[in-house]
Amino acid sequence: FEPGERIVFLGDSITHGGHYIFDLQLFAALRHPGAKIRCINAGIGGETTAMALRRYDWDFLAKKPTRAFVMFGMNDVNTGNWKDDRPTPEVLKKRIDSLISYTNNLSVLMDRLQTSKLPACFMTPTPYDQYSDLKIENDAVANERGLTQAAARLRALMDERRCECVELHRPLTRLYKEYPERHFCPDRVHPGKEIHLLMAAYVLEAMGYGPTVASVEIDARTRKSRTENASVSSVESTDDAISFRYVPKSLPYPMSSELARDEALYPFTKKLNCETLCVKGLAAGEWELAFDGKVVGTFTAEAFSNGVNL
(Lines give C-alpha, C1' and ligand atoms only; values in the text may rest on other atoms or scores of the structure.)
Protein backbone atom coordinates (compact mmCIF):
# COMPACT_ATOMS: atom_id res chain seq x y z
CA PHE A 1 0.00 0.00 0.00
CA GLU A 2 1.12 3.55 -0.77
CA PRO A 3 -0.13 6.73 0.95
CA GLY A 4 -3.12 8.28 -0.77
CA GLU A 5 -3.83 5.27 -2.99
CA ARG A 6 -7.29 4.65 -4.45
CA ILE A 7 -7.36 0.90 -5.05
CA VAL A 8 -10.41 -0.23 -7.03
CA PHE A 9 -11.53 -3.85 -6.91
CA LEU A 10 -13.27 -4.91 -10.11
CA GLY A 11 -15.30 -8.10 -10.03
CA ASP A 12 -18.59 -9.94 -9.73
CA SER A 13 -20.85 -10.69 -6.73
CA ILE A 14 -17.99 -12.23 -4.73
CA THR A 15 -16.26 -8.85 -4.85
CA HIS A 16 -19.57 -7.01 -4.51
CA GLY A 17 -20.07 -8.84 -1.18
CA GLY A 18 -17.06 -6.85 -0.10
CA HIS A 19 -15.84 -8.72 2.96
CA TYR A 20 -12.28 -9.27 1.73
CA ILE A 21 -12.09 -5.62 0.65
CA PHE A 22 -13.19 -4.53 4.12
CA ASP A 23 -10.47 -6.77 5.62
CA LEU A 24 -7.86 -5.16 3.36
CA GLN A 25 -9.10 -1.65 4.17
CA LEU A 26 -8.89 -2.38 7.90
CA PHE A 27 -5.41 -3.86 7.55
CA ALA A 28 -4.24 -0.81 5.57
CA ALA A 29 -5.66 1.59 8.16
CA LEU A 30 -3.94 -0.26 11.01
CA ARG A 31 -0.60 -0.97 9.33
CA HIS A 32 -0.39 2.53 7.78
CA PRO A 33 -2.26 4.92 10.11
CA GLY A 34 -3.07 8.27 8.54
CA ALA A 35 -1.95 7.20 5.04
CA LYS A 36 -5.45 7.82 3.59
CA ILE A 37 -5.52 4.59 1.60
CA ARG A 38 -8.91 3.80 0.08
CA CYS A 39 -10.07 0.35 -1.04
CA ILE A 40 -13.05 0.92 -3.34
CA ASN A 41 -15.55 -1.78 -4.22
CA ALA A 42 -16.41 -1.97 -7.94
CA GLY A 43 -17.94 -5.42 -7.89
CA ILE A 44 -21.38 -6.07 -9.42
CA GLY A 45 -23.39 -9.22 -8.82
CA GLY A 46 -23.85 -11.47 -11.84
CA GLU A 47 -21.20 -9.71 -13.89
CA THR A 48 -18.79 -11.19 -16.43
CA THR A 49 -15.59 -9.87 -17.99
CA ALA A 50 -17.61 -8.72 -21.03
CA MET A 51 -19.87 -6.62 -18.79
CA ALA A 52 -16.85 -5.17 -16.97
CA LEU A 53 -15.39 -4.02 -20.28
CA ARG A 54 -18.63 -2.21 -21.09
CA ARG A 55 -18.49 -0.17 -17.90
CA TYR A 56 -14.72 0.29 -17.84
CA ASP A 57 -14.78 4.00 -18.72
CA TRP A 58 -17.96 5.32 -17.12
CA ASP A 59 -17.77 3.35 -13.86
CA PHE A 60 -14.32 1.90 -13.19
CA LEU A 61 -12.22 4.84 -14.43
CA ALA A 62 -14.73 7.30 -12.97
CA LYS A 63 -13.67 6.07 -9.52
CA LYS A 64 -10.21 7.54 -10.23
CA PRO A 65 -8.18 4.43 -9.36
CA THR A 66 -4.43 4.50 -8.85
CA ARG A 67 -4.29 0.70 -8.80
CA ALA A 68 -6.66 -2.13 -9.70
CA PHE A 69 -7.39 -5.64 -8.49
CA VAL A 70 -9.46 -7.80 -10.83
CA MET A 71 -11.30 -11.07 -10.19
CA PHE A 72 -13.79 -12.75 -12.54
CA GLY A 73 -14.61 -16.29 -13.58
CA MET A 74 -17.66 -17.67 -11.76
CA ASN A 75 -20.19 -16.10 -14.12
CA ASP A 76 -17.93 -16.28 -17.16
CA VAL A 77 -17.86 -20.07 -17.10
CA ASN A 78 -21.61 -20.18 -16.27
CA THR A 79 -21.91 -22.94 -13.67
CA GLY A 80 -25.15 -24.12 -15.29
CA ASN A 81 -23.14 -25.42 -18.24
CA TRP A 82 -21.20 -27.87 -16.08
CA LYS A 83 -23.90 -30.12 -14.65
CA ASP A 84 -23.73 -33.16 -16.90
CA ASP A 85 -21.06 -35.84 -16.98
CA ARG A 86 -21.86 -36.40 -20.65
CA PRO A 87 -22.66 -32.99 -22.12
CA THR A 88 -24.39 -32.66 -25.46
CA PRO A 89 -22.37 -31.17 -28.32
CA GLU A 90 -24.31 -27.95 -27.81
CA VAL A 91 -23.40 -27.73 -24.11
CA LEU A 92 -19.81 -28.72 -24.83
CA LYS A 93 -19.57 -25.86 -27.32
CA LYS A 94 -20.96 -23.45 -24.71
CA ARG A 95 -18.29 -24.58 -22.27
CA ILE A 96 -15.47 -24.08 -24.77
CA ASP A 97 -16.85 -20.75 -25.99
CA SER A 98 -17.16 -19.45 -22.43
CA LEU A 99 -13.51 -20.22 -21.66
CA ILE A 100 -12.34 -18.63 -24.93
CA SER A 101 -14.45 -15.53 -24.28
CA TYR A 102 -13.11 -15.29 -20.72
CA THR A 103 -9.51 -15.42 -21.92
CA ASN A 104 -10.04 -12.92 -24.74
CA ASN A 105 -11.88 -10.45 -22.51
CA LEU A 106 -9.17 -10.65 -19.87
CA SER A 107 -6.58 -9.85 -22.53
CA VAL A 108 -8.58 -6.79 -23.66
CA LEU A 109 -8.99 -5.72 -20.05
CA MET A 110 -5.22 -5.91 -19.58
CA ASP A 111 -4.77 -3.76 -22.67
CA ARG A 112 -7.18 -1.17 -21.31
CA LEU A 113 -5.44 -1.06 -17.94
CA GLN A 114 -2.06 -0.71 -19.63
CA THR A 115 -3.39 2.10 -21.81
CA SER A 116 -4.74 3.77 -18.67
CA LYS A 117 -1.26 3.35 -17.11
CA LEU A 118 -2.78 1.63 -14.10
CA PRO A 119 -0.83 -1.02 -12.20
CA ALA A 120 -3.13 -4.01 -11.94
CA CYS A 121 -3.17 -7.36 -10.21
CA PHE A 122 -5.44 -10.18 -11.38
CA MET A 123 -6.74 -12.83 -9.00
CA THR A 124 -7.57 -16.39 -10.00
CA PRO A 125 -11.27 -17.02 -9.34
CA THR A 126 -12.50 -18.48 -6.07
CA PRO A 127 -13.69 -22.08 -6.44
CA TYR A 128 -17.19 -23.42 -6.83
CA ASP A 129 -17.63 -25.59 -3.74
CA GLN A 130 -18.70 -28.87 -5.29
CA TYR A 131 -17.14 -30.85 -2.45
CA SER A 132 -19.48 -30.27 0.52
CA ASP A 133 -22.69 -32.21 1.19
CA LEU A 134 -24.93 -29.18 0.72
CA LYS A 135 -28.20 -29.84 -1.08
CA ILE A 136 -28.40 -27.16 -3.76
CA GLU A 137 -30.91 -27.02 -6.59
CA ASN A 138 -29.34 -27.21 -10.06
CA ASP A 139 -26.08 -28.44 -8.57
CA ALA A 140 -23.00 -28.67 -10.78
CA VAL A 141 -19.41 -29.89 -10.91
CA ALA A 142 -18.29 -26.48 -12.07
CA ASN A 143 -14.99 -26.30 -10.23
CA GLU A 144 -13.01 -29.30 -11.46
CA ARG A 145 -14.19 -28.89 -15.04
CA GLY A 146 -14.90 -25.18 -15.38
CA LEU A 147 -13.22 -22.81 -12.92
CA THR A 148 -10.06 -24.91 -12.76
CA GLN A 149 -9.67 -24.42 -16.51
CA ALA A 150 -10.49 -20.72 -16.21
CA ALA A 151 -7.83 -20.28 -13.52
CA ALA A 152 -5.28 -22.13 -15.67
CA ARG A 153 -6.03 -19.87 -18.62
CA LEU A 154 -5.64 -16.78 -16.44
CA ARG A 155 -2.29 -17.98 -15.10
CA ALA A 156 -1.01 -18.66 -18.62
CA LEU A 157 -2.15 -15.23 -19.74
CA MET A 158 -0.48 -13.60 -16.73
CA ASP A 159 2.80 -15.32 -17.57
CA GLU A 160 2.53 -14.33 -21.21
CA ARG A 161 1.68 -10.70 -20.43
CA ARG A 162 3.96 -10.47 -17.38
CA CYS A 163 1.14 -9.25 -15.18
CA GLU A 164 0.83 -9.66 -11.45
CA CYS A 165 -1.38 -12.48 -10.20
CA VAL A 166 -2.69 -13.52 -6.78
CA GLU A 167 -3.42 -17.23 -6.50
CA LEU A 168 -6.78 -17.85 -4.82
CA HIS A 169 -8.15 -20.85 -6.69
CA ARG A 170 -5.54 -23.47 -5.77
CA PRO A 171 -5.32 -22.91 -1.99
CA LEU A 172 -9.07 -22.45 -1.58
CA THR A 173 -9.86 -25.55 -3.66
CA ARG A 174 -7.49 -27.48 -1.42
CA LEU A 175 -9.32 -26.22 1.69
CA TYR A 176 -12.76 -26.93 0.26
CA LYS A 177 -11.68 -30.51 -0.45
CA GLU A 178 -10.01 -30.98 2.93
CA TYR A 179 -12.86 -29.54 5.02
CA PRO A 180 -16.13 -30.32 3.18
CA GLU A 181 -18.02 -30.29 6.47
CA ARG A 182 -17.16 -26.60 7.01
CA HIS A 183 -19.56 -25.48 4.24
CA PHE A 184 -17.35 -22.52 3.34
CA CYS A 185 -19.82 -21.42 0.64
CA PRO A 186 -23.46 -21.62 1.83
CA ASP A 187 -24.65 -21.65 -1.79
CA ARG A 188 -21.47 -23.22 -3.24
CA VAL A 189 -20.68 -19.95 -5.06
CA HIS A 190 -20.27 -17.14 -2.51
CA PRO A 191 -17.62 -17.65 0.20
CA GLY A 192 -18.43 -16.79 3.81
CA LYS A 193 -16.51 -14.28 5.91
CA GLU A 194 -13.86 -16.82 6.93
CA ILE A 195 -12.82 -17.40 3.32
CA HIS A 196 -12.91 -13.67 2.57
CA LEU A 197 -10.40 -13.15 5.37
CA LEU A 198 -8.16 -15.80 3.81
CA MET A 199 -8.54 -14.09 0.44
CA ALA A 200 -7.34 -10.85 2.03
CA ALA A 201 -4.40 -12.70 3.61
CA TYR A 202 -3.36 -14.18 0.24
CA VAL A 203 -3.50 -10.70 -1.30
CA LEU A 204 -1.42 -9.20 1.52
CA GLU A 205 1.16 -11.97 1.28
CA ALA A 206 1.40 -11.43 -2.49
CA MET A 207 1.87 -7.70 -1.86
CA GLY A 208 4.95 -8.54 0.21
CA TYR A 209 3.65 -7.99 3.72
CA GLY A 210 5.38 -9.88 6.50
CA PRO A 211 4.50 -10.56 10.11
CA THR A 212 5.97 -7.50 11.83
CA VAL A 213 3.49 -4.91 13.04
CA ALA A 214 6.05 -3.58 15.52
CA SER A 215 8.75 -5.08 17.73
CA VAL A 216 10.64 -4.04 20.84
CA GLU A 217 13.62 -5.60 22.60
CA ILE A 218 14.66 -4.27 26.02
CA ASP A 219 17.53 -5.31 28.30
CA ALA A 220 16.22 -5.11 31.86
CA ARG A 221 19.75 -4.74 33.26
CA THR A 222 21.14 -2.01 30.98
CA ARG A 223 17.75 -0.42 30.10
CA LYS A 224 18.85 -0.28 26.48
CA SER A 225 16.32 -1.00 23.77
CA ARG A 226 16.04 -1.83 20.09
CA THR A 227 12.87 -1.22 18.13
CA GLU A 228 11.28 -1.79 14.74
CA ASN A 229 8.38 0.42 13.70
CA ALA A 230 7.99 1.66 17.29
CA SER A 231 9.63 3.85 19.89
CA VAL A 232 10.51 3.22 23.53
CA SER A 233 11.38 5.79 26.18
CA SER A 234 11.43 6.33 29.95
CA VAL A 235 12.78 2.85 30.71
CA GLU A 236 13.00 2.18 34.45
CA SER A 237 13.80 -1.12 36.12
CA THR A 238 14.24 -2.74 39.52
CA ASP A 239 14.79 -6.33 40.54
CA ASP A 240 11.06 -7.09 40.36
CA ALA A 241 9.66 -4.59 37.83
CA ILE A 242 10.42 -2.85 34.57
CA SER A 243 8.39 -0.02 33.05
CA PHE A 244 8.63 2.01 29.85
CA ARG A 245 6.64 4.12 27.43
CA TYR A 246 5.88 2.19 24.25
CA VAL A 247 4.53 3.84 21.08
CA PRO A 248 3.96 1.56 18.07
CA LYS A 249 3.68 3.14 14.63
CA SER A 250 1.20 0.47 13.49
CA LEU A 251 -1.50 -1.58 15.15
CA PRO A 252 -2.34 -5.29 14.87
CA TYR A 253 -5.38 -6.68 13.11
CA PRO A 254 -8.11 -7.33 15.70
CA MET A 255 -8.83 -10.90 16.74
CA SER A 256 -12.26 -11.48 15.17
CA SER A 257 -14.22 -14.73 15.38
CA GLU A 258 -13.36 -15.35 11.72
CA LEU A 259 -9.64 -14.90 12.37
CA ALA A 260 -9.77 -17.20 15.40
CA ARG A 261 -11.41 -19.95 13.32
CA ASP A 262 -9.10 -19.37 10.36
CA GLU A 263 -5.89 -19.82 12.36
CA ALA A 264 -6.26 -23.58 11.81
CA LEU A 265 -6.49 -22.99 8.05
CA TYR A 266 -3.92 -20.22 7.63
CA PRO A 267 -1.43 -18.91 10.27
CA PHE A 268 -2.62 -15.29 9.96
CA THR A 269 -1.06 -14.20 13.27
CA LYS A 270 2.31 -15.79 12.56
CA LYS A 271 2.48 -14.50 8.98
CA LEU A 272 0.87 -11.05 9.23
CA ASN A 273 0.11 -10.03 12.80
CA CYS A 274 3.10 -10.01 15.17
CA GLU A 275 3.63 -7.18 17.64
CA THR A 276 6.51 -8.56 19.65
CA LEU A 277 7.80 -7.53 23.07
CA CYS A 278 11.13 -9.10 24.05
CA VAL A 279 12.63 -8.41 27.48
CA LYS A 280 16.05 -9.85 28.30
CA GLY A 281 17.67 -10.18 31.70
CA LEU A 282 14.61 -10.81 33.84
CA ALA A 283 14.98 -12.97 36.93
CA ALA A 284 13.62 -16.50 36.53
CA GLY A 285 9.94 -16.92 37.33
CA GLU A 286 6.63 -15.51 36.19
CA TRP A 287 6.06 -11.85 35.32
CA GLU A 288 2.85 -9.91 34.80
CA LEU A 289 2.41 -7.80 31.69
CA ALA A 290 0.33 -4.66 32.21
CA PHE A 291 -0.63 -1.68 30.07
CA ASP A 292 -1.48 1.49 32.00
CA GLY A 293 -1.87 -0.64 35.11
CA LYS A 294 -4.19 -3.21 33.53
CA VAL A 295 -2.78 -6.74 33.62
CA VAL A 296 -3.25 -8.48 30.27
CA GLY A 297 -1.24 -11.66 30.85
CA THR A 298 1.37 -13.55 32.86
CA PHE A 299 4.47 -14.99 31.20
CA THR A 300 7.73 -16.59 32.27
CA ALA A 301 11.06 -14.79 32.05
CA GLU A 302 12.00 -17.28 29.32
CA ALA A 303 8.87 -16.40 27.30
CA PHE A 304 9.69 -12.70 27.55
CA SER A 305 13.27 -13.40 26.50
CA ASN A 306 12.00 -15.25 23.42
CA GLY A 307 9.39 -12.58 22.70
CA VAL A 308 5.69 -12.25 23.55
CA ASN A 309 3.25 -11.37 20.79
CA LEU A 310 1.22 -8.48 22.15
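Everything numeric here is computed off the predicted structure, so don't read it as measured data.

Peer 1: I keep staring at the pattern of salt bridges and nothing clicks. Help me out?
Peer 2: Once the charged atoms of two side chains with opposite charge are near each other, the side chains can pair. The final tally for this structure, using the stated rule, is 13 salt bridges. We note a salt bridge from Lys271 to Glu205, for which the minimum N-O separation is 3.4 Å. Taken together, the residues span a long stretch of sequence, with Lys271 in helix H11 (residues 268-272) and Glu205 in helix H9 (residues 193-206) at a distance of 66 residues. Residue Lys271 is classed as partly exposed on the basis of its relative accessible area of 34%. Given the relative accessible area of 37%, Glu205 is considered partly exposed. Of the charged contacts, one joins Glu258 and Arg261 as a salt bridge, the two residues approaching to 3.9 Å between their closest N and O atoms. With a gap of three residues between them, Glu258 and Arg261 both fall in helix H10 (residues 257-262), about one helical turn apart. A relative accessible area of 38% places Arg261 in the partly exposed class. Taken together, the salt bridges that share partners define one network made up of Glu47, Arg55, Asp59 and Lys63.

Peer 1: Could you clarify how one ought to interpret the packing of helix H6 (residues 89-115) against helix H7 (residues 142-161) in this entry?
Peer 2: Relative orientation and spacing of two packed helices are given, respectively, by the angle between their axes and the distance between those axes. Orientation of H6 relative to H7, taken along the N-to-C sense of each, is 35°, at an axis distance of 10 Å. Like other packed secondary-structure pairs, H6 and H7 cross with a definite hand, here right-handed. Of the residues in H7, those touching H6 at Arg95, Leu99, Ile100, Tyr102, Thr103, Leu106, Ser107, Met110, Asp111 and Gln114 are Arg145, Gly146, Gln149, Ala150, Arg153, Leu154, Leu157, Met158 and Arg161. A breakdown of the residues in the contact of H6 with H7 according to their chemical character gives nine nonpolar, five polar and five charged.

Peer 1: Can you help me understand the pairing of strand E3 (residues 67-71) in this one?
Peer 2: Two faces make up the sheet, and in a regular strand the side chains alternate between them. The buried fraction of E3 is high, at five of five residues. A two-sided burial pattern is seen for E3, the buried positions comprising Arg67, Phe69 and Met71 on one face and Ala68 and Val70 on the other. In the sheet, strand E1 (residues 6-11) pairs with E3 via five bridges, with the strands oriented parallel. Note that in E3 the partner of Val8 across the bridge is Ala68. Bridge analysis of E3 against strand E4 (residues 120-123) gives three bridges, and the strand direction is parallel. Looking at E4, one finds that Ala68 is bridged to Ala120.

Thresholds applied
Residues numbered from 1 in each chain as written. Predicted model: local features only at pLDDT ≥ 70, side-chain atom pairs only at ≥ 80, totals over all residues. Heavy atoms only, no water. Salt bridge = Lys/Arg side-chain N within 4 Å of Asp/Glu carboxyl O. Helix = DSSP H or I, 4+ residues; strand = E, 2+ residues; numbered from the N terminus. Buried < 20%, exposed > 50% of the residue type's maximum accessible area, 1.4 Å probe, protein only. Axes fitted to C-alpha atoms, helices over the stretch in contact; angles between N-to-C directions. Left-handed = near helix turned anticlockwise from the far one by under 90°. Contact = heavy atoms within 4.5 Å. Nonpolar A, V, L, I, M, F, W, Y, C, P; charged D, E, K, R; others polar. Pairing = 2+ DSSP bridges.

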